[in-house]
Amino acid sequence: MAGRSRFMLVVLILLFVVVSVSGTPSKKKISWSRIKKINKKGPYIGLITVYPPEENAFFSTRAFKSDSRYPFLDLSGRRFRVGRIYDRKVIYVRCGIGMVNAAAATQQMLDLFDITGIIHFGISGNVNNSMFIGDVSIPKQFAHTGLWDWMNPNGTVDSNDVAQLKIGGYNVPQNDGFNLLGKIGFSREQFFSVSTEGNAAAPMFWAEVSHEWLQLAASLEGMELEKCVNSSLCLPKKPKLVVGLKGSTSNSFLDNAAYRDFLFQTFEVTTADMESSAVVMTCLSNGFRVIVIRGMSDLAGSQSGENPIHTFGSLAALNTVKAVLRFIKKIPVDVSHSKSLK
């Protein structure tokens, strides 16, 4: 009896700890119940953008129609909005700036909701001199260009690194003094996937968006985009949409001409942002479709004077949203309800 009493006491203590850690059980039940009811109306296309100006542009089109019964669900501080765009069912969320926020919001959406694929969209810096502010890029692949081995000046970059940047090569004037910042080797990601054995990561540098959706997006080239912020502020030329270029992501806002030039010359990327590769890798890791649509708001540091993101950011966001809406309209209804990847 004494042993049984001690056993029961341990069980009661464990139950108390679990309840204390898990929070209020009733709130969790309400959330799970609502998630189940939302998913019964699915499946949905997931839409993920980053920060308020992009969200404002998205809702200003009035294309998104909220679900009358379950318009939204707040989870971990984010608001997941449930509704339709045209006759496609969608769930929209603003993830927040940076790769951690992007990956967390993407994983949460894929785990909790009945999702067929993710459309990630927002603004970006332009790294490619053949593109301009206001243009929209739908890249075929993304690299995380913020994963570094930062070496001493005389250090040796790992032979497995994709590329290296000798910081001393950007001294101005040249050869003036000794640069102590050394060199950077660009590393590959460790990619975990549902298609590989447990706990076995494969090296990855370029994360490719879904080929099926990229082909569908190719038909958007030539679409009309906005040229003017208002009647008195317009771009010198009409923006264009290009499909199939490359993009880069890191947890740094790029506003530096020398590094911009290095990224383009080394990796041939066109866009620089802070979220896309995290969204793409998370989707691929889980086996879901994904595509990224980015409008160019600035020149990533090659401009003279202040960064023009505050001047043309709203225009870039609007052109991005126009492309997103056109892409959603082109997704066949049967495809939007299918989870199979091609």
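Residues numbered from 1 in each chain as written. Predicted model: local features only at pLDDT ≥ 70, side-chain atom pairs only at ≥ 80, totals over all residues. Heavy atoms only, no water.

Chemist: Is there a simple way to think about the overall build of the protein in this case?
Modeler: Scanning the protein for helices and strands turns up 9 helices and 20 strands. Looking at the protein as a whole, 48% of its 342 residues qualify as buried. Of the contacts formed within the protein by residues at least 6 apart in sequence, a portion of 77% connects residues at least 24 apart. When the accessible surface of the protein is summed, it comes to about 17300 Å², and 55% of that surface belongs to carbon and sulfur atoms. (Helix = DSSP H or I, 4+ residues; strand = E, 2+ residues; numbered from the N terminus. Buried < 20%, exposed > 50% of the residue type's maximum accessible area, 1.4 Å probe, protein only. Contact = heavy atoms within 4.5 Å. Areas by Shrake-Rupley, 256 points an atom, 1.4 Å probe, with all protein chains shown as cover.)

Chemist: Hey, could you run me through a nonpolar patch on the surface in this one?
Modeler: Nonpolar side chains collect at one region of the surface, where Trp148, Trp150 and Leu181 lie side by side and expose about 330 Å² of accessible area between them. Looking at Leu181, the relative accessible area reads 47%, which means it is partly exposed. (Patch = residues over 30% accessible without salt bridge, like charges linked within 9 Å, V, L, I, M, F, W, Y side chains within 5 Å. Salt bridge = Lys/Arg side-chain N within 4 Å of Asp/Glu carboxyl O.)

Chemist: Please explain the pairing of strand S8 (residues 141-144) as it appears in this structure.
Modeler: Side-chain direction in a regular strand flips from residue to residue, so the side chains alternate between the two faces of the sheet. A two-sided burial pattern is seen for S8, the buried positions comprising Gln141 and Ala143 on one face and Phe142 and His144 on the other. Relative to strand S14 (residues 206-208), S8 runs antiparallel, the two being bridged by 3 bridges. The residue of S14 that forms the bridge with Phe142 is Ala207. Of the pairings in the sheet, the one linking S8 to strand S18 (residues 246-249) comprises 4 bridges and is parallel in character. Within the sheet, the bridge partner assigned to Phe142 lies in S18 and is Gly247. (Pairing = 2+ DSSP bridges.)

Chemist: Got a minute to help me understand the pattern of salt bridges in this structure?
Modeler: Note on pairing: side chains with opposite charge can pair once their charged atoms come close. With the rule as written, the count across this model stands at 11 salt bridges. Here Arg88 ties to Asp87 by a salt bridge, and the two come within 2.1 Å at their closest N and O atoms. Of the residues examined, Arg88 reaches a relative accessible area of 8% and is grouped as buried. Accessibility expressed as a relative area gives 40% for Asp87, which makes it partly exposed.

Chemist: Help me understand a positive patch on the surface, please; the structure alone is not making it clear to me.
Modeler: Among the surface-exposed residues, Lys36, Lys37, Lys40 and Arg69 lie close enough to one another that they form a single positively charged patch. Relative to the helices and strands, Lys36 resides in helix H2 (residues 25-40). Owing to a relative accessible area of 58%, Lys36 belongs among the exposed residues under this scheme. (Lys, Arg positive; Asp, Glu negative; His and termini not counted. Charge placed at Lys NZ, Arg CZ, Asp CG, Glu CD.)

Chemist: Explain unusual backbone geometry here, please?
Modeler: Most peptide bonds take the trans form, and the phi angle of most residues other than glycine is negative. With an omega of 5°, the peptide bond between Gly42 and Pro43 qualifies as cis. The phi angle at Arg62 is positive, at roughly 60°, despite the residue not being glycine. Take Arg62: it is sitting in the loop between helix H3 (52-60) and strand S2 (64-66). Unlike most non-glycine residues, Glu268 shows phi in positive territory, near 55°.

Chemist: Got a minute to help me understand the state of the cysteines in this structure?
Modeler: Working definition of a disulfide: a covalent bond connecting the sulfur atoms of two cysteines. Summed over all chains, the structure comprises 1 disulfide. A disulfide bridge connects Cys228 with Cys234, and the sulfur atoms are separated by 1.8 Å. Here the S-S torsion is close to 105°, and the disulfide linking Cys228 with Cys234 is therefore right-handed. You can call Cys228 partly exposed: its relative accessible area is 31%. Residue Cys234 is classed as partly exposed on the basis of its relative accessible area of 36%. (Disulfide = S-S within 2.5 Å.)

Chemist: How do you make sense of the sheet that holds strand S9 (residues 148-151) when you look at a structure like this?
Modeler: In sheet architecture, strand pairing relies on hydrogen bonds along the backbone and comes in two forms, parallel and antiparallel. Read from one edge to the other, the open sheet built from 3 strands follows the order S9-S11-S10, with strand pairing classed as antiparallel. One side of each edge strand has no neighbouring strand; the edge strands of this open sheet are S9 and strand S10 (163-166). Across the sheet, the mean angle separating the axes of adjacent strands is 20° when strand polarity is ignored. (Axes fitted to C-alpha atoms, helices over the stretch in contact; angles between N-to-C directions.)

Chemist: Before we go on, may I ask you to explain the side chain of Glu54 in this structure?
Modeler: Along the polypeptide, Glu54 turns up in helix H3. Put simply, Glu54 is tucked away with no salt bridge, and the nearest opposite charge, on Arg294, sits 4.3 Å away. In this structure Glu54 touches Thr49, Phe121, Gly122, Ile123, Arg294, Ala317 and Val321, once residues within four positions along its chain are discounted.

Chemist: Even after reading the chapter, I still don't get the nonpolar core, so can you show me in this structure?
Modeler: Proteins that are soluble and globular tend to have nonpolar side chains buried together. In terms of nonpolar packing, the biggest core is built from 69 residues, with Leu47, Phe113 and Ile119 touching the most fellow members. Those residues within four positions of Leu47 in sequence are excluded, and the remaining contacts are Phe58, Ile85, Val90, Ile91, Tyr92, Val93, Met109, Ile119, Phe121 and Ile328. Core analysis: the second largest hydrophobic core is formed by 16 residues, Val127, Ala143, Phe186 and Phe262 among them. (Core = buried A, V, L, I, M, F, W, Y, C linked by side-chain atoms within 4.5 Å.)

Chemist: How should the pairing of strand S3 (residues 72-75) be read in this particular structure?
Modeler: Covered by surrounding structure in S3 are Leu73 and Leu75 only, the residues Phe72 and Asp74 on the alternate face being uncovered. Sheet analysis places S3 next to strand S4 (residues 78-85), joined by 4 bridges and oriented antiparallel. If you follow Phe72 over to S4, its bridge partner there is Arg81. In sequence, S3 turns back onto S4 through a hairpin of 2 residues, with Ser76 there showing a positive phi of about 55°.

Chemist: Looking at this model, I keep getting lost on the packing of aromatic side chains. Mind explaining?
Modeler: How two aromatic rings sit relative to each other is set out by the distance from centre to centre and by the angle between their planes. Summed over the entire model, instances satisfying the criterion amount to 16 aromatic pairs. Measuring from centroid to centroid gives 5.0 Å for Phe58 and Phe59, while their planes differ by 65°, and the two rings are edge-to-face. Here the aromatic rings of Phe58 and Tyr92 are separated by 4.7 Å at their centres, their planes lie at 15°, and the arrangement is stacked. On the criterion of sequence distance, the pair formed by Phe58 in helix H3 and Tyr92 in strand S5 (residues 88-94) is long-range, its members being 34 residues apart. A single burial state applies to Phe58 and to Tyr92, both of which are buried. (Phe/Tyr/Trp six-rings, centres within 6.5 Å; stacked < 30°, edge-to-face > 60°.)

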